[in-house]
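Overview (structure and organization)
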Number of protein chains: 2
Amino acid sequence: MNDTRRGEARGHVVALCGGIGGAKLALGLSHAVPGEQLVIAVNTGDDFEHLGLHISPDIDTVVYTLAGIVNTESGWGRAEESWCFMEALAMLGGEAWFRLGDKDLATHVERTRRLRAGESLSTVTAGIRKRLGVKACVLPMSDDPVRTTVETGEGVLPFQHYFVRRRCEPEVRAVFYAGADAARLQPDIAHALASPHLWAVILCPSNPYLSLGPMLAIPGMREALTRSAAPVIAVTPLVGGQAVKGPMAKIMNELGIDRTPASIAGFYDGLIDGFILDRADAASASDMDLPIVIEQTVMVTLEDRIALANACLSFADRLAGDGSRKERVA
Amino acid sequence: MNDTRRGEARGHVVALCGGIGGAKLALGLSHAVPGEQLVIAVNTGDDFEHLGLHISPDIDTVVYTLAGIVNTESGWGRAEESWCFMEALAMLGGEAWFRLGDKDLATHVERTRRLRAGESLSTVTAGIRKRLGVKACVLPMSDDPVRTTVETGEGVLPFQHYFVRRRCEPEVRAVFYAGADAARLQPDIAHALASPHLWAVILCPSNPYLSLGPMLAIPGMREALTRSAAPVIAVTPLVGGQAVKGPMAKIMNELGIDRTPASIAGFYDGLIDGFILDRADAASASDMDLPIVIEQTVMVTLEDRIALANACLSFADRLAGDGSRKERVA
């Protein structure tokens, strides 16, 4: 109750997030910020067309997580899933490298149908998350296609081919976000970031290069963050030099980036007002010249998620209160 | 073995068929005629686009039946099917009136993908039936769209809307086959019908108005039947004035057609050389002025299906032998 009242009093929160790790903090935030006062801007750089279907992996992970129907073991896909479609498809010689569960498939079929009928990805996403009982405002970062593409030792690969089909094995030489230049920032996200009623902006512990990078590459996004009326806080996705999940540490090595919290903060340089470090990296705090909070960022339980969400909001309160935000903006 | 040798000696057989009843006889024929010497021309007038997928109900029923994976209780769809996709789709507010099982869905997704990639329905069907181990040559009646459309008391309805969504309840005033005029008879069917090595043509016990009518409306099909070198035999779909399954009897009433075998034979007037009546209608034989054979046409067991198939082929042998075919063609 206390958090809810605070939410109503303090305005809305914008969270930028990718898939699994980001979705965990988004779930925590949804317990601290009421209803559509939580605006979750989700990476769509991982989206792709597969089997004639429009797949939006990060949006689905966020929506399923907030709806309480995610497979908590894998972090993606639906709980209590079955795989009859996939087995039958393999029997027909169809492409089976990207696994689509029977229930999950309904999301892709319905999304694709609505997109073909002319609805925007934002409208389709709103329809789906409302049907699944998700009250937070989950939005694609853009209604225009942005496609994260990985230049590797095996050539240029679309993201899912790198990530799923090739299991992140090829060496990454560069990452680019095809289409980002021409994409328009989703208008409700732009509006939320420009609002004087903004409480905080949270960069969730997602992969900076693969999940938040695409969002920051959309024209106007960086400016929207620097001009926002509220503190911008990033939560480290790196714990003791390792990623909790996914290929981030491997990619940092391949790109020649030190696997330190300072590298992550550096990626967000000029955009953030505060950085949340994991306890495992407490010693790194002294290397960094921006406000730091040390927390447990590995989220195992729901309580962990809510605690980290509240830590983000308290940090934002403190930064707003002591004027460190104002200073930077000025 | 005997049947197989006979098949090799006697050339190929073309079966024209719709869904459930037709597929049963097609299965019987596949035990009597080896491999691709059995050419099954399947109605695609029931095909439609649904949820962005190309659904070919009759082709799937024939392929699943011959592959031994059909749901034998309903006669359509796959055996041991699950419905997780459908339940999840309903949860999202998607259209759930046309039931697509999880395994069955793989067929539609794979077919749609290949059609969009530029393959013909014939090629896609060949790929699918081969993967499922079906040796008979199952072909769509045309690679061009023909859409059976029903004029009813509730207006003009696409076939599946009439058949599934409205459960055949609206009164039928007329049936037409949109696109048939411009459709090209599938070339392998045309070739098989024109071949001197043709043994028999069987019009399976399918609904004449809804399943074989679309095929007969394709330019060249009627001529191909009348000019064929082999006897053309129809098997009644009407038993004691009733349809074994489906809305045929109701439709005959609504169209003011007597529910007699003579009406069915009349629909095929000028096209067939012989007609197989059910035992229940033995008394009707005297009303008809074409060669008649009386058989058990209700196929409950596999043996029933094979027996009826052999009866068709023996009938064709007799008609070819006694010159009644030649007489008509001349």
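Residues numbered from 1 in each chain as written. Chains lettered and ligands numbered in written order. Predicted model: local features only at pLDDT ≥ 70, side-chain atom pairs only at ≥ 80, totals over all residues. Heavy atoms only, no water.

In terms of helices and strands, chain A carries 14 helices and 14 strands. Here the C-alpha atoms of chain A give a radius of gyration of 19 Å, agreeing with the 20 Å that 2.2 N^0.38 yields for 330 residues. Here the C-alpha coordinates of chain A stretch approximately 65 × 40 × 40 Å along the principal axes. Per-residue burial over chain A gives 57% buried out of 330 residues. Sequence separation of 24 or more characterises 69% of the internal contacts of chain A that already satisfy a separation of 6 or more. As displayed, chain A offers around 12800 Å² of accessible surface, 50% of which is attributable to carbon and sulfur atoms. Across chain A, 32 positive and 40 negative side-chain charges occur, with their mean positions spaced 4 Å apart. (Helix = DSSP H or I, 4+ residues; strand = E, 2+ residues; numbered from the N terminus. Rg over C-alpha atoms; globule rule 2.2 N^0.38 Å. Buried < 20%, exposed > 50% of the residue type's maximum accessible area, 1.4 Å probe, protein only. Contact = heavy atoms within 4.5 Å. Areas by Shrake-Rupley, 256 points an atom, 1.4 Å probe, with all protein chains shown as cover. Lys, Arg positive; Asp, Glu negative; His and termini not counted. Charge placed at Lys NZ, Arg CZ, Asp CG, Glu CD.)

Further remarks concern the packing of aromatic side chains. Residue and element names in this part refer to chain A. Scanning the entire structure with this criterion turns up 12 aromatic pairs over all chains. Residues phenylalanine 48 and tryptophan 97 carry aromatic rings whose centres are separated by 6.2 Å and whose planes lie at 40° to one another, so their mutual orientation is tilted. Of this pair, phenylalanine 48 sits in strand 3 (residues 48-50) while tryptophan 97 sits in the loop between helix 4 (84-91) and helix 5 (102-116), and the two are 49 residues apart along the sequence. With a relative accessible area of 18%, tryptophan 97 lands in the buried category. Each member of the aromatic cluster is reached from another via a ring pair, and the members are Phe48, Trp97 and Phe98. Lying over the aromatic face of tryptophan 83, arginine 99 brings its terminal NZ or CZ to 4.5 Å of the ring centre. (Phe/Tyr/Trp six-rings, centres within 6.5 Å; stacked < 30°, edge-to-face > 60°. Lys NZ or Arg CZ within 6 Å of the ring centre and 35° of its normal.)

Glancing now at the interface of chain B and chain A. On the chain A side, the residues contacting the 26 residues of chain B number 26 residues. Ranking the residues of chain B by area buried against chain A places Met91, Leu92 and Arg131 of chain B at the top, with a combined share of 26%. Linking chain B with chain A are 0 salt bridges. On inspection of chain B and its partner chain A, the count reaches 6 residue pairs in polar contact (both at pLDDT 80 or more). Breaking the side of chain B that touches chain A down by element, the ones donating at least two residues are helix 4 (84-91), helix 5 (102-116) and helix 6 (121-131) of chain B. Residue contributions to the side of chain B that touches chain A peak at 10 residues, all from helix 5 of chain B. (Buried area = accessible area lost by both parts, 1.4 Å probe. Salt bridge = Lys/Arg side-chain N within 4 Å of Asp/Glu carboxyl O. Polar contact = N/O pair within 3.5 Å; in protein donor to acceptor, adjacent residues only side chain to side chain.)

Another point: the relation of the copies chain B and chain A. If you rotate chain B by 180° and push it 0.0 Å along the axis, it lands on chain A with an RMSD of 0.0 Å. A rotation of that kind, with that shift, is consistent with a two-fold axis. Minimal C-alpha separation from the rotation axis in chain B is found for aspartate 102 of chain B, amounting to 3.1 Å. A shared interface surface links the copies, since 100% of the contact residues of chain B are contact residues in chain A too. (Least-squares fit on C-alpha atoms with pLDDT ≥ 70 in both.)

Right, let's get into the pattern of salt bridges. All names here are of chain A. Within the structure shown, the criterion is met by 18 salt bridges over all chains. Between glutamate 95 and arginine 165 there is a salt bridge; the shortest N-O distance is 3.7 Å. Of the two residues, glutamate 95 is situated in the loop between helix 4 and helix 5 and arginine 165 in helix 7 (residues 159-165); the sequence distance between them amounts to 70 residues. Its relative accessible area of 29% is what places glutamate 95 among the partly exposed residues.

This part covers a nonpolar patch on the surface. All names here are of chain A. On the surface, Val244, Val298 and Val300 cluster together to form a nonpolar patch covering roughly 250 Å² of accessible area. Tracing the backbone shows valine 244 in the loop between strand 12 (242-243) and helix 11 (248-254). The class for valine 244 is exposed, based on a relative accessible area of 51%. (Patch = residues over 30% accessible without salt bridge, like charges linked within 9 Å, V, L, I, M, F, W, Y side chains within 5 Å.)

Helix-helix packing is described using two parameters, namely the angle between the two axes and the distance between the axes. Residue and element names in this part refer to chain B. Two numbers describe how helix 2 (residues 20-32) lies on helix 13 (residues 302-322): the axes approach to 7 Å, and their chain directions differ by 70°. Relative to helix 13, helix 2 is oriented roughly perpendicular. Residues Lys24, Leu25, Leu27, Gly28, Leu29, His31 and Ala32 of helix 2 touch helix 13, and the partners they reach there are Leu302, Arg305, Ile306, Leu308, Ala309, Asn310, Cys312 and Leu313. Taken together, the residues that form the contact of helix 2 with helix 13 break down as 10 nonpolar, 3 polar and 2 charged. (Axes fitted to C-alpha atoms, helices over the stretch in contact; angles between N-to-C directions. Parallel < 35°, antiparallel > 145°, perpendicular 65-115°, else oblique. Nonpolar A, V, L, I, M, F, W, Y, C, P; charged D, E, K, R; others polar.)

All names here are of chain A. Reading across from one edge, 5-2-1-9-10-13-14 is the order of the 7 strands in this open sheet, with parallel pairing throughout. The sheet is open, and its two edges are formed by strand 5 (137-140) and strand 14 (292-295), each paired on a single side. On average, adjacent strands in this sheet sit at an angle of 20° to one another, irrespective of strand direction. Of the strand pairs in this sheet, strand 1 (residues 12-17) and strand 9 (residues 198-203) are connected by 5 bridges, and their pairing is parallel. For valine 14, the partnering residue across the bridge sits in strand 9 and is valine 201. Contacting strand 1, strand 2 (38-42) and strand 5, helix 3 (residues 57-67) runs over the sheet at an angle of about 150° to strand 2. Seen against the sheet, helix 13 (residues 302-322) touches strand 1, strand 9, strand 10 (232-235), strand 13 (274-278) and strand 14 and runs at an angle of roughly 145° to strand 13. (Pairing = 2+ DSSP bridges.)

The next subject is the sheet that holds strand 8 (residues 172-178) of chain A. Residues and elements named next belong to chain A. Judged by pairing direction, the sheet is antiparallel, and its 3 strands sit side by side in the order 7-6-8 without closing on themselves. The open sheet terminates on both sides in strands that have one partner only, identified here as strand 7 (155-158) and strand 8. Here the average twist between neighbouring strands, direction ignored, is 25°. Where strand 6 (residues 147-152) lies against strand 8, 6 bridges are found, and the strand directions are antiparallel. Across the sheet, glutamate 151 pairs through a bridge with alanine 174, a residue of strand 8. Across the sheet, helix 9 (residues 208-216) is in contact with strand 6 and strand 8; its angle to strand 8 comes to roughly 25°.

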